[in-house]
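Examining the three-dimensional arrangement
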Amino acid sequence: MNFNSVKSATMERSLSALWQRAQLISHNIANEDTPGYKAKRLAFENILQKEIHSARSSKNMSRSQKAAKISGAQSVIYDLKHLSGRADGNNVVLDNEHIELARVQLQYQALRDKINGHYANLKYAISGGR
């Protein structure tokens, strides 16, 4: 999607990152019995925050350029090496993964509802309140 506002781009990119995070957690759950597998996480919030701050503080960029910069924010996947593992080297803790997946699903639903409300408001404004 091509957005022209920082708010829209931020919401769209966040929704995409939450989807990626849910997929990664599902991958962790699927590999619970794989010897040597290390649970993975996705870092995104700090990266997005830096992109938003950079875009907003730039006076030489148009709104669509700022939105494109935010839309291009990249997530980083990393291993959870600090978790102690089992004897086979796997460190997936199923309870933690299920809790994290539930949290991500709630965030995804809330953000999806916020995006729907945002576009409903735009539609209302464009239609002149009808």
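What counts and what doesn't
Residues numbered from 1 in each chain as written. Predicted model: local features only at pLDDT ≥ 70, side-chain atom pairs only at ≥ 80, totals over all residues. Heavy atoms only, no water. Helix = DSSP H or I, 4+ residues; strand = E, 2+ residues; numbered from the N terminus. Expected span 1.5 Å × (residues − 1). Buried < 20%, exposed > 50% of the residue type's maximum accessible area, 1.4 Å probe, protein only. Arc of directions from axis to C-beta. pLDDT = per-residue confidence, 0-100. Core = buried A, V, L, I, M, F, W, Y, C linked by side-chain atoms within 4.5 Å. Contact = heavy atoms within 4.5 Å. Axes fitted to C-alpha atoms, helices over the stretch in contact; angles between N-to-C directions. Parallel < 35°, antiparallel > 145°, perpendicular 65-115°, else oblique. Left-handed = near helix turned anticlockwise from the far one by under 90°.

For helix H2 (residues 45-57), with 13 residues, the first-to-last C-alpha span of 18 Å sits near the 18 Å given by 1.5 Å per residue. Here H2 has its buried residues at Leu48, Ile52 and Ala55. Burial along H2 is one-sided: seen end-on, the buried residues are contained in an arc of 70°. Seen from the buried face of H2, the exposed residues on the opposite side, beyond 90 degrees, are Asn46, Gln49, Lys50 and His53.

Once that is clear, we can look at the confidence of the model for the chain. On average, the chain scores 90 in pLDDT, and the residues at 70 or more come to 97%. Mean pLDDT across the elements of the chain bottoms out in helix H3 (residues 63-71) (87) and peaks in strand E1 (residues 40-43) (96).

Right, let's talk about the nonpolar core for a bit. Counting 12 residues, the largest nonpolar core is built from Val6, Ala9, Ala17, Leu24, Leu42, Phe44, Leu48, Ile52, Ala55, Ala67, Ile70 and Ala73. Mapped onto this core, the elements with two or more residues apiece are helix H1 (6-30), H2 and H3. If one sorts the elements of this core by residue count, H1 sits on top with 4 residues. In this view, Ala17 contacts Leu42, Phe44 and Ser75; residues no more than four positions away in its chain are not counted. Counting residues in hydrophobic clusters, the runner-up holds 9 residues, among them Leu15, Ala22, Ile25 and Ile115.

This paragraph deals with H3. The set of residues buried in H3 consists of Lys66, Ala67 and Ile70. End-on, the buried residues of H3 take up no more than an arc of 100°, which puts them together on one face. Buried residues along H3 sit in contact with H1 and H2.

Packed helix pairs are specified by the crossing angle of their axes together with the interaxial distance, meaning the distance between the axes. Closest axis-to-axis distance for the H1/H3 pair is 8 Å, and the angle between their directions is 15°. Judged by the angle between their axes, H1 and H3 are roughly parallel. For the pair H1 and H3, the crossing hand works out as right-handed. Together, Val6, Ala9, Thr10, Glu12 and Arg13 of H1 and Lys66, Ala67, Ile70 and Ser71 of H3 make up the contact between the two elements.

With respect to the helices and strands, Gly128 occurs in the segment after helix H4 (94-126). Accessibility expressed as a relative area gives 56% for Gly128, which makes it exposed. Along the primary structure Gly128 and Asp79 are separated by 49 residues, whereas in three dimensions their C-alpha atoms are 51 Å apart.

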